[in-house]
Amino acid sequence: MKVDRLMTRDLATVTGDETLKVAARMMVEQKISGLPVVDSDRRLVGVVTEGDILHQETLRNPSTTFLGLFRRAGNFSRTVSEVMTTRVVTISPDADHTEAARLMESAGVKRLPVIATEGNLVGIISRSDVLKVFGRPDSEIEEELFTEVIERILWLNPQLVTVSVQDGLVALTGEVPARSDTRILEEMAKRVDGVIEVDIGGLSFDVDDTMRPG
């Protein structure tokens, strides 16, 4: 599923010249752990997290907690730009959920800012957003494989192909006209939302149309 369909569009953001007190208040009130930092054209320039803010204070007071820090109004003289992270991993709204999952895993982050072609921040996708796709019911996946992939797109005989889906793992068995059909069917099945893995070991074919003469 495209990131554009999963991301949160209604975002809380801050600018770099905002005070840490304002940023902390927004995080506490909205129950979030980080904020995108944007310029006047809504271009992403960084991310500030509660960890960034807390780190600055714990340099002076090791026993500080984030909520306790927020309650002490006088301790927020620094601006967001002084503590924010500027090297941010982002993703395009046209990318799919599997790419988002890989990026979050490799970067060790829980969310990704979504950046449009023109460079503007258009949303945020989180781990929980991606998990919604993987939590799609197996019955819905099976129905889409039959009606959209096997029948409508590939024009295969649905009576000759069996689809079994368990926890997002798809097993395809039966008979298709040619070996190339097995490969196309596998690739198309992988693109169905909620599919984690596809097994085509149970598919047979009449013609090996991938063999080259000579």
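The structure reproduced in this document is the subject of the present report. Here the structure is a predicted model, which means the values were calculated and not measured. (Residues numbered from 1 in each chain as written. Predicted model: local features only at pLDDT ≥ 70, side-chain atom pairs only at ≥ 80, totals over all residues. Heavy atoms only, no water.)

What follows is about helix α2 (residues 20-30). Among the residues of α2, those classed as buried are Leu-20, Ala-23, Ala-24, Met-26 and Met-27. End-on, the buried residues of α2 take up no more than an arc of 160°, which puts them together on one face. One or two positions beyond α2, positive phi appears at Lys-31, with a value near 55°. (Buried < 20%, exposed > 50% of the residue type's maximum accessible area, 1.4 Å probe, protein only. Helix = DSSP H or I, 4+ residues; strand = E, 2+ residues; numbered from the N terminus. Arc of directions from axis to C-beta.)

Attention now moves to the nonpolar core. Formed by 19 residues in total, the largest nonpolar core has its most connected members in Ile-141, Leu-145, Ile-150, Val-163, Val-170, Leu-172 and Leu-185. Where this core is concerned, the elements lending two or more residues are α8 (138-153), β5 (161-166), β6 (169-178), α9 (179-190) and β7 (197-207). The element contributing the most residues to this core is α8, with five residues. Ignoring any residue separated from it by four or fewer positions in sequence, one finds Leu-172 in contact with Thr-162, Val-163, Leu-185, Ala-189, Val-198, Asp-199, Ile-200, Gly-202 and Leu-203. (Core = buried A, V, L, I, M, F, W, Y, C linked by side-chain atoms within 4.5 Å. Contact = heavy atoms within 4.5 Å.)

What follows is about the pairing of strand β4 (residues 121-126). In terms of burial, β4 is largely enclosed, as five of its six residues are buried. The loop that links strand β3 (residues 111-115) with its antiparallel partner β4 comprises five residues; one of these, Gly-119, has a positive phi angle of about 95°. (Pairing = 2+ DSSP bridges.)

Our next topic: the environment of Glu-144. Locating Glu-144 in the fold gives a position in helix α8. Residue classification places Glu-144 among the partly exposed positions, given a relative accessible area of 24%. Between the C-alpha atom of Glu-144 and that of Val-192, which follows or precedes it by 48 residues, the distance is 7.6 Å. Sequence-distant contacts of Glu-144, defined by excluding residues within four places in its chain, comprise Arg-136, Val-149 and Val-192. At 2.8 Å, the side chain of Glu-144 forms a polar contact with the side chain of Arg-136. (Polar contact = N/O pair within 3.5 Å; in protein donor to acceptor, adjacent residues only side chain to side chain.)

This brings us to the pattern of salt bridges. All told, the structure shown has nine salt bridges when counted by the stated rule. A salt bridge links Arg-78 to Glu-82; the shortest N-O distance between them is 3.6 Å. For Glu-82, a relative accessible area of 48% puts it in the partly exposed group. Taking the shortest distance from any N to any O, the salt bridge between Arg-179 and Asp-208 comes out at 3.3 Å. Here Arg-179, found in helix α9, pairs with Asp-208, found in the segment after β7; they are 29 residues apart in sequence, far enough to count as distant. Judged by relative accessible area, Asp-208 falls into the partly exposed class, the value being 25%. Bridged by salt links that share partners, the residues Arg-136, Glu-140 and Glu-144 form one connected network. (Salt bridge = Lys/Arg side-chain N within 4 Å of Asp/Glu carboxyl O.)

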